[in-house]
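What the coordinates show
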Amino acid sequence: MCSSDLTAAIDGILVGGIARYLGRTTHGVFAIATFAGGITNSGTISASGGGIVVGGQAMLYGQLTIQSFVGGAVNQGTISAQNGIWVGGAAAGGGQVAVSTFSGGITNAASATITATQNGIWLGGQFSYGVVSISSFDGGITNAGTISAGLNGILVGGNFYAGSVSAYGGSATVSTFSSGLGAGILNSGTISAAGAGILIGGSAIVANSFVTAHVAVSSFGGGISNAGTITAGGAG
């Protein structure tokens, strides 16, 4: 639990890390078998990367794996970051980020605030010649506080963009999203976003026919419920 002020040059609270190619015969491998107890912030997090991150980065054929995360992620305070709460990560150069099981859901509680230059709450990843996968997510996503985002308020999915013909593809996949006993995504607070307020999916924009990029949410359970206020530059 974080109940005081935390200022970070990269991520505020990170369960995961960075995996990358280390040499000619060595591939960086980072693995967490089980993390139990969840993450709760009731203080202030100011970070240039993610406020709360479960996952991380994999580059140059690195492999990052979290087999089981139990307890969820809860913000009861203030987060100011590039991405407020992020489960997943970024993969490039043949890297792979995998979160096998995440249970407990994600909650931005009443009176809590997330201010993000990109996404307020993000389940999924971004990739360029890499793979980000979340096999099972249980517990849903709840916002009862305030989310202000430069891109999307809540995003389940991923993003790929290839601006050049030499870029490679990859994938970002959420295989199973389940809600537990409530709605899949419930907003009873306030979401203000330059992009979409709540987005299931993402974008895969390629520059030529040689690039294959996939963003997929295979199974989404619980639906989306809004009992609050959503203001969005894109889709609500």
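The text that follows walks through the structure, step by step, so that each part is easy to find. (Residues numbered from 1 in each chain as written. Predicted model: local features only at pLDDT ≥ 70, side-chain atom pairs only at ≥ 80, totals over all residues. Heavy atoms only, no water.)

1. Examining the overall build of the protein
A count of helical and extended segments in the protein gives 0 helices and 25 strands. Sequence-distant contacts, at least 24 apart, represent 87% of the contacts inside the protein between residues at least 6 apart. (Helix = DSSP H or I, 4+ residues; strand = E, 2+ residues; numbered from the N terminus. Contact = heavy atoms within 4.5 Å.)

2. A few points about the sheet that holds strand 24 (residues 224-226)
The sheet built from 6 strands is open, its strands ordered 4-8-12-16-20-24 with parallel pairing. Of all strands in the sheet, those with a lone pairing partner are strand 4 (39-41) and strand 24, marking the two edges. In this sheet, neighbouring strand axes are inclined to one another by 5° on average, regardless of whether the strands run parallel or antiparallel. The pairing of strand 8 (residues 73-75) with strand 12 (residues 106-108) spans 3 bridges and is classified as parallel. In the sheet register, Asn75 faces strand 12, and the bridge partner there is Asn108. (Pairing = 2+ DSSP bridges. Axes fitted to C-alpha atoms, helices over the stretch in contact; angles between N-to-C directions.)

3. Quick look at the side chain of Asn119
On the secondary structure map, Asn119 appears in the loop between strand 13 (113-116) and strand 14 (121-128). Judged by relative accessible area, Asn119 falls into the buried class, the value being 0%. A polar contact is formed between the side chain of Asn119 and the side chain of Asn152, at a distance of 3.1 Å. Setting aside residues no more than four positions away along its own chain, Asn119 makes contact with Gln82, Asn83, Gly84, Ala149, Leu151, Asn152, Gly153 and Leu155. (Buried < 20%, exposed > 50% of the residue type's maximum accessible area, 1.4 Å probe, protein only. Polar contact = N/O pair within 3.5 Å; in protein donor to acceptor, adjacent residues only side chain to side chain.)

4. Remarks on the sheet that holds strand 23 (residues 213-220)
Read from one edge of the open sheet, 6 strands run 3-7-11-15-19-23, paired in parallel fashion. Unpaired on one side and paired on the other, strand 3 (29-36) and strand 23 mark the two borders of the sheet. Neighbour-to-neighbour, the strand axes of the sheet open up by a mean angle of 5°, direction not taken into account. With 8 bridges joining them, strand 15 (residues 130-138) and strand 19 (residues 170-178) adopt parallel strand pairing. Bridge pairing in strand 19 places Ile134 opposite Val174.

5. Quick look at a nonpolar patch on the surface
On the surface, Leu60, Tyr61 and Tyr129 cluster together into a nonpolar patch covering about 270 Å² of accessible area. Checked against the element boundaries, Leu60 lands in the loop between strand 6 (50-59) and strand 7 (63-70). Classification of Leu60 as partly exposed rests on a relative accessible area of 37%. (Patch = residues over 30% accessible without salt bridge, like charges linked within 9 Å, V, L, I, M, F, W, Y side chains within 5 Å. Areas by Shrake-Rupley, 256 points an atom, 1.4 Å probe, with all protein chains shown as cover. Salt bridge = Lys/Arg side-chain N within 4 Å of Asp/Glu carboxyl O.)

6. Some points on unusual backbone geometry
Not every positive phi belongs to a glycine, and Ser111 is a case in point at roughly 75°. Note that Ser111 resides in the loop between strand 12 and strand 13. On the basis of relative accessible area, Ser111 is assigned to the exposed category, the value being 70%. Phi is positive for Tyr129, which is not a glycine, with a value near 55°. Among the secondary structure elements, Tyr129 is positioned in the loop between strand 14 and strand 15. Note on Tyr129: relative accessible area 33%, which makes it partly exposed.

7. Quick look at the packing of aromatic side chains
Enumeration over the complete set of coordinates arrives at 8 aromatic pairs. Seen in terms of ring centroids, Phe69 and Phe102 are 4.7 Å apart; in terms of plane orientation they differ by 5°. Their pairing is stacked. Placement of Phe69 in strand 7 and of Phe102 in strand 11 (residues 96-103) is noted, with a sequence separation of 33 residues between them. What makes Phe69 buried here is its relative accessible area of 0%. On the numbers, 5.1 Å between centres and 15° between planes, the contact of Phe127 with Phe160 is stacked. Remark: Phe160 occurs in strand 18 (residues 154-161) and Phe127 occurs in strand 14; sequence separation between them is 33 residues. Taken as a pair, Phe127 and Phe160 share a single burial class, namely buried. Within the aromatic cluster, the residues linked to one another by ring pairs are Phe35, Phe69, Phe102, Phe137, Phe177 and Phe220. (Phe/Tyr/Trp six-rings, centres within 6.5 Å; stacked < 30°, edge-to-face > 60°.)

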